[in-house]
Amino acid sequence: MKPNHPNRKVLVTGGAGYIGSHACVSLFAAGYQPVVFDNLCNSHARVLERIGEVAGQAPDFIEGDIRDAQALEAVFRSFEPGAVMHFAGLKAVGESVERPHLYQDNNVGGTRVLLDVMQRMGVHSLVFSSSATVYGDPDEVPITEHAPRRATNPYGQTKLDIERLLETLTAKDARWRIACLRYFNPVGAHPSGRMGEDPAGTPNNLMPFIAQVAVGRRERLQVFGNDYDTPDGTGVRDYIHVMDLVQGHVDTLRLLEAGAGLHMINLGTGRGVSVLEMVNAFEAASGRRVPYEVVARRPGDIAACWADASLARERLGWTAERDLPAMCVDTWRWQQQNPRGYAED
Ligand code: NAD
Ligand code: UDP
């Protein structure tokens, strides 16, 4: 998009998902018009009504798969977006180990199709959901964008493959404006309590698991190891509030409007929080007890990971504003008001 270009439409692939749906709210707030394209393989159409409630307007929604070039092309023709935020993808590490081909096909294959269609339609602005998983087990923390990249599982490999694909593309064609945003650990929910994370089945991630224990859906948390080389022995991560994360995306659109090129940017708070610190913070925020037991380490887990977030501040003028208590309070509000997520009661 050119500066002051009247086209404020943004195609949001995966826009019915956890992060994409919150991004739609922030896009509306910043004067953009999100158009959601999602096959609902890991989300619910009801989220679109909730976006409407929270943002005052619901985005256009097209149900479709990013691997379907014809469907994507039709969307570009009818809505003529000026930029794409690309959230669509599968993200369960365990499932990716069992079904690596599915992850390659969906995430990498799907991104190839999207890029082809964008090229044909003359749209060259893309914000891509990458992940701190591209750093694997880091040599040092905090992690800067120059740290070596390595995949430790098939899901991480898809993020690495896509980053390389985008590097090749921008090297060949100077029209592209691309940002790979490397998320650390997104948590939290919209402060209204109307939108949040709604994982299918048993949550893989810490925060939704804790929230489901606090609300009584699960008996206790299993803490995966307390013998790591960290202050209390439990794993340390950089949790970032989803509303801060999506604000970073809107700020990135402005960066892309300013000029061509490829940006790799960490989105994190720069602060590490242990599993037990998170349990304590959630208990304080919810007033509920979160019983836990310490069990063996989870295979493939790393001890500690947090971001050097200074590049995001320099390039985007962005820093995370919401602290750990806010992450917990907002998650709890969502969990308490929607104990079964978006499912009908
Ligand atoms: P999510 O599963 O809630 O959202 C992803 C959305 O993409 C879902 O609505 C799903 O239905 C859709 N989708 C998947 N494959 C599709 C396809 N082929 N065609 C169309 N739609 C498809 O996940 P999320 O947490 O919102 O994550 C969004 C992106 O951010 C993903 O790419 C994920 O890998 C990345 N990411 C997430 C985290 C995290 O912890 N949540 C961390 C780092 C990176
Ligand atoms: N964790 C845990 N119990 C759970 C889920 C996660 O102890 O049920 C720990 C995990 O070992 C890690 C931290 O919580 O130290 C964050 O895990 P998550 O899966 O949320 O993020 P990731 O490991 O992918 O960064």
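Residues numbered from 1 in each chain as written. Chains lettered and ligands numbered in written order. Predicted model: local features only at pLDDT ≥ 70, side-chain atom pairs only at ≥ 80, totals over all residues. Heavy atoms only, no water.

Here the focus is the overall build of the chain. A tally of regular secondary structure across the chain gives eleven helices and 14 strands. The C-alpha atoms of the chain give a radius of gyration of 19 Å, which matches the 20 Å a tight globule of 345 residues would have. When its C-alpha atoms are laid out on the principal axes, the chain stretches across 55 × 45 × 40 Å. Of all 345 residues assigned to the chain, the portion counted as buried reaches 55%. Taking contacts inside the chain between residues at least 6 apart in sequence as the whole, the part at least 24 apart equals 80%. Carbon and sulfur atoms form 46% of the exposed surface of the chain, whose accessible area is close to 14,700 Å². Charge centroids of the chain, computed over 35 positive and 42 negative side chains, lie 3 Å from each other. (Helix = DSSP H or I, 4+ residues; strand = E, 2+ residues; numbered from the N terminus. Rg over C-alpha atoms; globule rule 2.2 N^0.38 Å. Buried < 20%, exposed > 50% of the residue type's maximum accessible area, 1.4 Å probe, protein only. Contact = heavy atoms within 4.5 Å. Areas by Shrake-Rupley, 256 points an atom, 1.4 Å probe, with all protein chains shown as cover. Lys, Arg positive; Asp, Glu negative; His and termini not counted. Charge placed at Lys NZ, Arg CZ, Asp CG, Glu CD.)

Take the pairing of strand 1 (residues 9-13) next. Within strand 1, four of the five residues are buried, leaving the element largely enclosed by the surrounding structure. The pairing of strand 1 with strand 2 (residues 33-38) spans five bridges and is parallel. Paired with Thr13 across the bridge in strand 2 is Phe37. Here strand 1 runs beside strand 4 (residues 83-86); their pairing, made up of four bridges, is parallel. By the bridge assignment, Thr13 is partnered in strand 4 with His86. (Pairing = 2+ DSSP bridges.)

Let us look at helix 1 (residues 18-29). Here helix 1 contains twelve residues, and its C-alpha end-to-end distance of 18 Å stays within 8% of the 16 Å for a straight helix at 1.5 Å per residue. Most of helix 1 sits inside the fold, with eleven of its twelve residues counted as buried. Within the sequence span of helix 1, burial applies to Tyr18, Ile19, Gly20, Ser21, His22, Ala23, Cys24, Val25, Ser26, Leu27 and Phe28. (Expected span 1.5 Å × (residues − 1).)

Quick look at empty space enclosed by the protein now. Scanning all chains against the criterion turns up two cavities of 30 Å³ or more. Quantified by volume, the largest cavity comes out at close to 70 Å³. Lining of the largest cavity is provided by Tyr18, Val187, Gly188, Ala189, Glu197, Met207, Pro208, Ala211, Thr331, Trp334 and Gln335. At the level of secondary structure, the elements contributing two or more residues to the lining of the largest cavity comprise helix 7 (206-214) and helix 11 (324-337). (1 Å grid on protein atoms, 1.4 Å probe; cavity = no way out; pocket = protein on both sides within 12 Å on 5 of 7 lines; lining within 4 Å. Points joined across faces, edges and corners; volume = space filled by probe spheres on them.)

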